[in-house]
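Structural overview
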Amino acid sequence: MPNLTLEHSPNAALNKTVLAEYMSLPIPDGKCQATYIWIDGTGEHIRGKTRTLDFVPTKSDELPVWNYDGSSTYQAEGSNSDTYLYPVAIYKDPFTRGNNVIVLCDTYKYNKKPTETNKRYTCAQVMEAAKNAKPWFGIEQEYTLLDMDLRPLGWPKNGFPGPQGPYYCGVGANRVYGRDIVEAHYRACLYAGIEISGSNAEVMPAQWEYQVGPCEGITMGDQLWVSRYILHRIAEDFGVIVSFDPKPMEGDWNGAGAHSNFSTKAMREDGGILEIEKAIDKLSRNHLRHIQAYDPKGGKDNERRLTGRHETSSIHDFSAGVANRGASIRIPRGCAEEKKGYLEDRRPSSNCDPYAVTEALVRTCVLDE
Ligand code: ADP
Ligand code: MN
Ligand code: MN
Ligand code: MN
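Note that the structure is a prediction, hence the values are computed from the model and not measured.

A tally of helices and strands in the protein yields 12 helices and 13 strands. Relative to the 2.2 N^0.38 estimate, which gives 21 Å for 369 residues, the radius of gyration of the protein is 21 Å and therefore close to what a compact globule would have. With respect to the principal axes defined by its C-alpha atoms, the protein has extents near 55 × 55 × 40 Å. With 369 residues in all, the protein has 51% of them scored as buried. Contacts in the protein between residues at least 24 apart in sequence constitute 66% of all its contacts with a sequence separation of at least 6.

This paragraph deals with the coordination of the manganese ion (ligand 2). Protein ligation of the manganese ion (ligand 2) involves Glu140 (OE) and Glu209 (OE), the donor distances falling in the range 2.2 to 2.3 Å. Here the manganese ion (ligand 2) and the manganese ion (ligand 3) are spaced 4.0 Å apart, linked through Glu209, which binds each one. Residue Glu140 is found in strand S6 (residues 136–146), and its partner Glu209 is found in strand S8 (residues 207–216); the two are separated by 69 residues along the sequence. A relative accessible area of 15% places Glu140 in the buried class.

So, about the sheet that holds strand S4 (residues 82–92). The mixed open sheet is built from five strands, whose spatial order is S2-S1-S5-S4-S3. Each end of this open sheet is capped by a strand with a single partner; those strands are strand S2 (46–53) and strand S3 (66–69). Geometrically, the sheet is characterised by an average inter-axis angle of 40° between neighbouring strands, direction not taken into account. Pairing analysis gives eight bridges linking strand S1 (residues 32–39) to S2, with the strands arranged antiparallel. In the strand pairing of S2, Tyr36 is matched with Lys49. Across the sheet, helix H6 (residues 219–238) touches S1, S2, S4 and strand S5 (101–108), and the angle it forms with S5 is around 120°.

On to the site of ligand 1, then. Around ligand 1, a shell composed of 18 residues is seen, among which Glu140, Glu209, Ser263, Arg330 and Glu344 lie nearest. Backbone polar atom of Gly213 to an oxygen atom of ligand 1: 3.1 Å apart, as the coordinates give it. Bound to the protein, ligand 1 loses 77% of the 590 Å² it would expose on its own. Put simply, ligand 1 lies in the second largest pocket. Those elements that place two or more of their residues in the shell around ligand 1 are S6, S8 and strand S10 (260–263). For the shell around ligand 1, the element with the most residues is S8, which contributes five residues.

A separate point is the coordination of the manganese ion (ligand 3). Surrounding the manganese ion (ligand 3) are the protein donor atoms Glu142 (OE), Glu202 (OE) and Glu209 (OE), at 2.1 to 2.2 Å. All donors to the manganese ion (ligand 3) come from one chain, and their sequence spacing reads E-x59-E-x6-E. Judged by its relative accessible area of 8%, Glu142 is buried. With relative accessibility at 5%, the residue Glu209 sits in the buried group.

This part covers the domain arrangement of the protein. By the assigned domains, the protein splits into domain 1 (31–118) and domain 2 (127–365). Of note, the centres of domain 1 and domain 2, computed from C-alpha atoms alone, are 26 Å apart. The partner domain 2 presents 21 residues to the 18 residues of domain 1 that form the contact. Summing the contributions of domain 1 and of domain 2, the shared interface buries around 1,700 Å²; its carbon and sulfur component is 72%. The three residues of domain 1 that bury the most area against domain 2 are Glu44, Tyr91 and Phe95, which together make up 37% of that side's buried surface. Summed over the shared surface of domain 1 and domain 2, the result is one salt bridge. Put simply, domain 1 and domain 2 have three residue pairs in polar contact (both at pLDDT 80 or more) between them. Looking at the side of domain 1 that touches domain 2, the elements with two or more residues in it are S1, S4 and S5. Split into classes, the residues belonging to the side of domain 1 that touches domain 2 amount to nine nonpolar, five polar and four charged.

The next thing to look at is the packing of helix H4 (residues 120–129) against helix H12 (residues 354–365). Look at H4 against H12: their axes get within 9 Å of each other, and the N-to-C directions meet at 35°. Viewed along their axes, H4 and H12 form a crossing whose handedness is left-handed. Between H4 and H12, the residues in contact are Arg120, Thr122, Cys123, Val126 and Met127 and Tyr355, Thr358, Glu359, Val362 and Arg363, respectively. For the contact of H4 with H12, the residue count by class is five nonpolar, two polar and three charged.

By the element assignment, Ser349 lies in the loop between strand S13 (343–345) and H12. Relative accessible area serves as the criterion here: at 0%, Ser349 is assigned to the buried category. Sequence separation between Ser349 and His259 is 90 residues, and the spatial gap between their C-alpha atoms is 7.9 Å. Residues in contact with Ser349, not counting those within four places in the same chain, are Pro246, Ala256, Gly257, Ala258, Tyr294, Asp295, Asn302 and Arg305. Side chain to side chain, Ser349 and Asn351 meet in a polar contact 2.4 Å long.

Cut-offs applied
Residues numbered from 1 in each chain as written. Chains lettered and ligands numbered in written order. Predicted model: local features only at pLDDT ≥ 70, side-chain atom pairs only at ≥ 80, totals over all residues. Heavy atoms only, no water. Helix = DSSP H or I, 4+ residues; strand = E, 2+ residues; numbered from the N terminus. Rg over C-alpha atoms; globule rule 2.2 N^0.38 Å. Buried < 20%, exposed > 50% of the residue type's maximum accessible area, 1.4 Å probe, protein only. Contact = heavy atoms within 4.5 Å. Donors = N, O, S within 2.8 Å, 3.2 Å for Na, K, Ca; no water. Pairing = 2+ DSSP bridges. Axes fitted to C-alpha atoms, helices over the stretch in contact; angles between N-to-C directions. Near = heavy atom within 4 Å. Polar contact = N/O pair within 3.5 Å; in protein donor to acceptor, adjacent residues only side chain to side chain. Areas by Shrake-Rupley, 256 points an atom, 1.4 Å probe, with all protein chains shown as cover. 1 Å grid on protein atoms, 1.4 Å probe; cavity = no way out; pocket = protein on both sides within 12 Å on 5 of 7 lines; lining within 4 Å. Sits in = over half its atoms within 2 Å of the grid points. Domains from an automatic or database assignment. Buried area = accessible area lost by both parts, 1.4 Å probe. Salt bridge = Lys/Arg side-chain N within 4 Å of Asp/Glu carboxyl O. Nonpolar A, V, L, I, M, F, W, Y, C, P; charged D, E, K, R; others polar. Left-handed = near helix turned anticlockwise from the far one by under 90°.

This is the structure in structure tokens:
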């Protein structure tokens, strides 16, 4: 069986030892490579481009506004294509190191109105309105590694691996595929300043998870998007594709979600379980609004995943329970015992926009909108 990764990915085939020679060249003092990244018109994919700065930035508001051709990212007409990049957060760049930075941006149209896929704009307003509640989030980002032929990495080219069972948190060459990417990503996120809190192999082989959080307010969406950028960028070096599709393989294979753990200050204090129960009651009355916010296609992507099987609830019903992985909302057993903590919303899709998810949670549970 030919090794499709090496054969078909020019990125993986290029000599990384030669690259390392150049990447170790020092750059002039005071100069900085700033890679501006943003969400494109799909609401799922990330774009980026790099410029040189004559200073080393420490805060996002020191960075210049920039622009790009929105007609090439599904965000503008060709005749009126300049789209603006407003820097909102900066991180150390694990690819170019030194003083170089990743600059997360949100996007604005020619008329300075937010683009359709700029979900950060309203999320930031909602987080500001709810800031006294100190909303914390932790998102479990699941994803699937694909070979260049779009088959899951390490799967037989003309067949399937053995049934699910041995792969979750698995160890060993016949149980997990692509750990190099997982380890590189974990380290790169810590270097960049992302609050990555863990990782594990998932139930379907070639599927993995990492967690980011707890993060307060708008920083949840910011950090998750940057962690996704870092993951795509690392996998690119290995000639491997990262898919956030919520159901990459039909049949008896688990889908991929973005379980969203949520708490307010009141939930974290003694007796906070009452607040958690109140929030669950509000969530039960807003199921449809949340389903619409939990994937980029207003529920269409999650239809394939939230079937009521493979550790999911049905997309059509709301349910909640202690330690129940077949419910929409799970109260972790430890939180039920301590009578405080957080709830886990298991509905968001792996390709969700975390700004839309965290905004919906806060609107429903904190602002009573
Ligand atoms: P699971 O048991 O569902 O696999 P994980 O350990 O993968 O859970 O993820 C739990 C997530 O919950 C982590 O991202 C963690 O940061 C987050 N978390 C922990 N405590 C809180 C809290 N009080 N509020 C919000 N999120 C929290
Ligand atoms: Mn998890
Ligand atoms: Mn998981
Ligand atoms: Mn979970």
